[in-house]
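# Topology and contacts: notes
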Amino acid sequence: MDSNSVDQIVKDIEFIKKQLNEKMVTKLGLDQYIRIAKRLDDHANECEECVNFLEDLERHFRDLQHRINDLNKEDYQRHHKQTNNIKNHLQKKHGLVPENHYMTLYMSVGISLGVALGMLLFDNLALGIPIGMTLGIAIGSGMDSDAKKKGKMI
Ligand SMILES: [Zn+2]
């Protein structure tokens, strides 16, 4: 598959971004979508589903672009459903992780460990929470930036 459709999708997304305010751009996750399209393209050679998703996206954003001033609730629902489907696929099939995936994960692990350690060491669970949280965030962000470097981040 050539990269024409990715270029077209990115172009359409950039166009849509200019028409919408910042809040809507964030709500629709448009910046992330540019990365999603590129990740799909990375795997399009060996994965038919990625090719199908790219075709869907091309249609979807062309359609959004034409009706940009006339979007309704169903459009947003469809958009989010599609986002979830694609993210699921990229995670399950291609081992990619969403933005801040490890940080969120390790922060909650850190908090639980912190509670236990706080009880154990200080006999005070509240004391352990900030320590565990800080450690979890530090470890998680390190893993996130590693995933980003390796092109594993959605
Ligand atoms: Zn795929």
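Everything numeric here is computed off the predicted structure, so don't read it as measured data.

About the cut-offs
Residues numbered from 1 in each chain as written. Predicted model: local features only at pLDDT ≥ 70, side-chain atom pairs only at ≥ 80, totals over all residues. Helix = DSSP H or I, 4+ residues; strand = E, 2+ residues; numbered from the N terminus. Rg over C-alpha atoms; globule rule 2.2 N^0.38 Å. Buried ≥ 20, exposed ≤ 12 C-beta atoms within 10 Å, placed from the backbone. Contact = placed C-beta atoms within 7 Å. Expected span 1.5 Å × (residues − 1). Domains from an automatic or database assignment.

## Things to note about the overall build of the protein chain
If you tally the helices and strands in the protein chain, you get 7 helices and 0 strands. Moving toward the C terminus, one meets the helices and strands of the protein chain in the order α-α-α-α-α-α-α. Against the 2.2 N^0.38 benchmark of 15 Å for 154 residues, the protein chain shows a C-alpha radius of gyration of 20 Å, more extended than a compact globule. For the protein chain, the spread of C-alpha atoms along the principal axes amounts to about 60 × 35 × 20 Å. Out of the 154 residues belonging to the protein chain, those deemed buried represent 21%. For the protein chain, the proportion of contacts with a sequence separation of at least 24, taken over those separated by at least 6, is 63%.

## A closer look at unusual backbone geometry
You will see that N100, though not glycine, has its phi angle at about 60°, which is positive. On the secondary structure map, N100 appears in the loop between α5 (73–94) and α6 (101–122).

## A few points about α5
With 22 residues, α5 ought to run about 32 Å at 1.5 Å a step, and its terminal C-alpha atoms sit 31 Å apart, in line with that. Downstream of α5 by one or two residues, G95 has phi in the positive range, about 65°.

## Describing the domain arrangement of the protein chain
Put simply, an interface is often sized by how much accessible area is lost when its parts join up. Entries for the protein chain in the domain assignment read domain 1 (4–94) and domain 2 (101–149). Domain 1 and domain 2 are separated by 33 Å when their C-alpha centres are compared.

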